[in-house]
Amino acid sequence: MIYICNIIYYSMLSGKFAITIHILTLLTKFPNDYLSSEFIAGSINLNPVLVRKEIANLKAHHIVESKEGKNGGTRLVKNAANITLKEIFQMTFDTINLGYAKNEPHPDCPVGKKINQNLGVLYDDLNEKISIQLDTITLEDFSNQF
């Protein structure tokens, strides 16, 4: 489990993955209920506007549905056993990119002239490993830890 947590940690760099998986885990725990963005935001300790932004992304990917009104909210429409963490990751990021230096490295330096190229190879490798690992874990698997 520690390895899985480390992989998830690396993919949460912007927080979007963490927010999205938190939302989906809550929805998995309450499969027959429409949860309000205020309820979800309270669990995450986040502004409901940010929660609604992530819910809009999930709606665009046909993972959740929402209804308005007094008893409105959001619920999962896809079975949690059929959603992999890789799919969730891909809904929030295209790839992990830990960044490059803002300044242009010196082209005559043996390190500077190849640093960005070698970082690109490293990031590609990280993304491949993360995708392989996350593809083996379903939202249901993750949610069963709670």
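Quantities reported herein were computed from a predicted structural model and do not represent experimental measurements. (Residues numbered from 1 in each chain as written. Predicted model: local features only at pLDDT ≥ 70, side-chain atom pairs only at ≥ 80, totals over all residues. Heavy atoms only, no water.)

Peer 1: Before we move on, can you summarise the overall build of the chain with the specific residues and values?
Peer 2: Across its full length, the chain carries seven helices and two strands. When the helices and strands of the chain are read in sequence order from the N terminus, they spell out α-α-α-α-β-β-α-α-α. For the chain, buried positions account for 37% of its 146 residues. (Helix = DSSP H or I, 4+ residues; strand = E, 2+ residues; numbered from the N terminus. Buried < 20%, exposed > 50% of the residue type's maximum accessible area, 1.4 Å probe, protein only.)

Peer 1: I'd like a description of the pairing of strand β1 (residues 64-67), backed by residues and values.
Peer 2: Pairing geometry for β1 and strand β2 (residues 73-76), over four bridges, is antiparallel. Among the inter-strand pairings, Val-64 is bridged to a residue of β2, identified as Leu-76. Linking β1 to β2, which pair antiparallel, is a turn of five residues; within it Gly-69 sits at a positive phi near 110 degrees. (Pairing = 2+ DSSP bridges.)

Peer 1: Break down a nonpolar patch on the surface for me, with residues and values.
Peer 2: A cluster of nonpolar residues, Leu-98, Leu-122 and Leu-126, forms a patch on the protein surface that exposes about 240 Å² of accessible area. Topologically, Leu-98 is positioned in the loop between α5 (85-92) and α6 (115-134). (Patch = residues over 30% accessible without salt bridge, like charges linked within 9 Å, V, L, I, M, F, W, Y side chains within 5 Å. Areas by Shrake-Rupley, 256 points an atom, 1.4 Å probe, with all protein chains shown as cover. Salt bridge = Lys/Arg side-chain N within 4 Å of Asp/Glu carboxyl O.)

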